[in-house]
Structures are given as C-alpha cells and as structure tokens.
Amino acid sequence: MTGKITRRQALKRLGGATLFGAGVAGGAFAGQIIGAEPAVAGEGETYAPGGHSGHGVPAGPAERRLSGGLPAGAAAGPYSGEFSPPEWMKGAELDHVTVPPPPSRQAVRELEMTVVEAPLQVSRSHTVDAWMYNGTAPGPTIRATEGELLRIRFRNFTGHDHNLHFHGRHSPFYDGWEPVPPGGETVYEIEAGPAGVHPYHCHSMPIDQHIARGLYGVFIVDPPGGRPEAHEIVLVLAGWDPEERGYNQLYAWNGIAGFYDKFPIRIPAGEPVRAYVVNATEYDPVASFHLHAETFKVYPAGIGEVPAFEHDVVQFGQMDRAILEFTLSERGRYMFHPHQHSIAMRGAMGWFAAI
Ligand SMILES: [Cu+2]
C-alpha cells in the first residue's frame, strides 16, 4: 500500500459508512482518514483492546483495518516529531504491555523473572542501554487475585546488582531490597494484596538509575470477586535518559516514545474502559494523565470499590498510580497526555480512537 487512500477506499476498509454513521459520510472524520499516513491507515495494525471477561484481546485482521483515522500529519508530528516510534515498529508492537493478562485465581503460582541488559530503541532516533525484566521495559505485567501466592524465581543475568521489589502488602522478608549479585538468584514469595494496581521495580543502588534504565513493571491485584467487565488497558509512563545525564531526554507510555500518537488505542464507543495507569518516571517529581473530551473516575492506587473523585486530569508523584474508569460515548479521537507539557511533547502524546 503506497500513497494516499481515497475516501471510497477508506470507507471500504472501515466496513462501510454505516460504521460511523453520518459522521463519516459527511463529516471531518472521513477527511482525516483520507489524509492519514498510509502505513497506519493501510496496514492498520493498530492495537485494539478486546471486549470481554475483564481483559483485552488483540483485534482480528478485519477489525484491525478500522484503525485508520489519524488526522492528517499526526503520525509525523506535530506532537511527536523526533519522539516518534522507530520506523520499523508496527501497531501490535506494544500489545504485550497495553493488554493486561487475564485474571488468575490460583492458590500458588510460579513465575520466572530475569534481569538482562540490552540496547533498546525507544524512538526513531534514540537507543538506550536498557536494563529489563524478562527483556522488556516495562517488564511483564503480573496479575493475581488478592491472597494468591506468587513464588518468583529471580535471576540476575547482568554484570550489576539487581533485585525485585513490590509495592503493596507482603512479608518484609521478601521485600526485595537486598541486592542480588551478578549471576545470582533468589526466590521471592509475594502474597498478592491489597486489590489495586501496584508497581514493581528494582531497588538496587543507585535506585534512580536502575529504574530509569527500564527496571519497572505493573502488578495488578484483583479483588476476590473480580472486577466488572470492561475493556482493560495498561499505561505506564516513564522517561528515558539515553546519554545518562541524570535527567530525561524523552518520555513514553509503555516504553516507546510517541507510540500511541502513531497507533491510537482503539476502543468501542459507549463501552466501559478500565485503565491501569502507573507513573514510573524517574528524575521528574510529578507527572499526570489528562484525557481530552471526557472525564474519568479515579481509584487512587486502584484501591477501594468506590471512586475517590471524577476528573479529567490526575496527578502522580513518582511510582504513584491509579485505576481510571471511563466511557468514550461518541465515536472519534480522544487525546491523552501528561499535563506537564515538557513531558508530553517529548514522546508522551497519545490517542484513544473510539470506534
Ligand atoms: Cu537494578
């Protein structure tokens, strides 16, 4: 697929004008599709969270073609610019982070966590010497039900001390602050709780650098009765410091700068969404999540059955987090970004596409 697509082609890919109703046939949205970058509108591998049983699934090929609809020029800026994802990256690249794993309800579960070091291309023009849990940054999302016992075999395959420290409530014996030397291993036993969204991260010195290089991830704890059905997504904000200057040169949701600016997260309009949002940013004392054109209910740390408040921007100190619930009632594009614009403009702009 090369060149711009026609409106007829766009509508055909969208499955016909009825999909968006009169808004597409006559409105600005169709015009936006015509002007979209071919790689996005044509290949259409943008992630879409699935619908049921409390967790998302990647969309099928036909549904993926719905992912056109970027405003003209969005993929090349004005928001991303040099803070765009690597050219080779496809829309499904971050599904392993964006889509949380399904709920787990075992008495005891065995997990493997390793630390590795490797170069990681985090934008079109930035590569970092990353330190990663199981080879990704953020590390794998771990999900458990309150009371479930996680027995985690931890191995350090690097030349530096590392470890694995969980937030939440657990035995101090397994708190994970003690360094595990190069080549070493240990076992952590973490009883999941309280129900909420918690981070895990490395706690070896210098801690800021260990986290800034990629050693963090999300720990979702479900209440014993589960949570109401919703399209679920995970969004971890973090910075990158490629030249190791002690401050962030660029930022990313889920590891890759500008990813959701180029590949919007597609969500069916009118259906409930639950976002597990974690701020793993080092060096900047505060960041936030701001949603355009809609408000969300906020469960600080994801704890509690009743939302604490409703807002369209929520502030996060370092390693602060929340569960956010909302519904995008009207089809269209909803921007999200930290309202610290020096962060947002350096790789942390993103979109939801309500389809
Ligand atoms: Cu470390």
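Computed from a predicted model, the values in this text were never measured in an experiment.

**Digging into unusual backbone geometry**
Point 1. Looking along the chain, the bond that leaves alanine 137 and enters proline 138 is cis, with omega of 5°.
Point 2. Its place among the elements puts proline 138 in the loop between strand E2 (126-133) and strand E3 (142-145).
Point 3. The peptide bond linking glycine 193 to proline 194 adopts the cis configuration, its omega dihedral lying at -10°.
Point 4. With phi around 50°, glutamate 244 is a residue other than glycine that occupies positive phi space.
Point 5. In this structure, glutamate 244 sits in the loop between strand E9 (231-240) and strand E10 (250-253).
Point 6. Judged by C-beta crowding, with 12 C-beta atoms within 10 Å, glutamate 244 ranks as exposed.
Point 7. The residue alanine 301 is not glycine, and still its phi comes out positive at about 60°.

**Digging into the sheet that holds E9**
Point 1. Here we have 6 strands laid out as an open sheet, ordered E10-E9-E12-E17-E14-E15, and mixed in their pairing. Each having just a single partner strand, E10 and strand E15 (309-311) make up the two edges of the open sheet. Ignoring which end each strand starts from, the neighbouring axes of this sheet average 25° apart.
Point 2. Examined bridge by bridge, strand E14 (residues 296-300) and E15 share 3 bridges and lie antiparallel to one another. Residue pairing across strands places lysine 297 opposite glutamate 310, the latter belonging to E15.

**With respect to the pairing of strand E7 (residues 196-201)**
Point 1. Most of E7 sits out of view: 6 of its 6 residues are buried.
Point 2. Side chains Gly196, His198 and Tyr200 project from E7 onto one buried face, and the interleaved Val197, Pro199 and His201 project onto a second face that is buried too.
Point 3. As defined by bridge partners, strand E5 (residues 165-166) adjoins E7 across 2 bridges and the pair is classed as antiparallel. Each residue of the ladder has a partner; that of phenylalanine 166, found in E7, is tyrosine 200.
Point 4. In the sheet, E7 pairs with strand E8 (residues 216-222) via 6 bridges, with the strands oriented antiparallel. By the bridge assignment for E8, valine 197 is matched with isoleucine 220.

Rules and cut-offs
- Residues numbered from 1 in each chain as written.
- Predicted model: local features only at pLDDT ≥ 70, side-chain atom pairs only at ≥ 80, totals over all residues.
- Helix = DSSP H or I, 4+ residues; strand = E, 2+ residues; numbered from the N terminus.
- Buried ≥ 20, exposed ≤ 12 C-beta atoms within 10 Å, placed from the backbone.
- Pairing = 2+ DSSP bridges.
- Axes fitted to C-alpha atoms, helices over the stretch in contact; angles between N-to-C directions.

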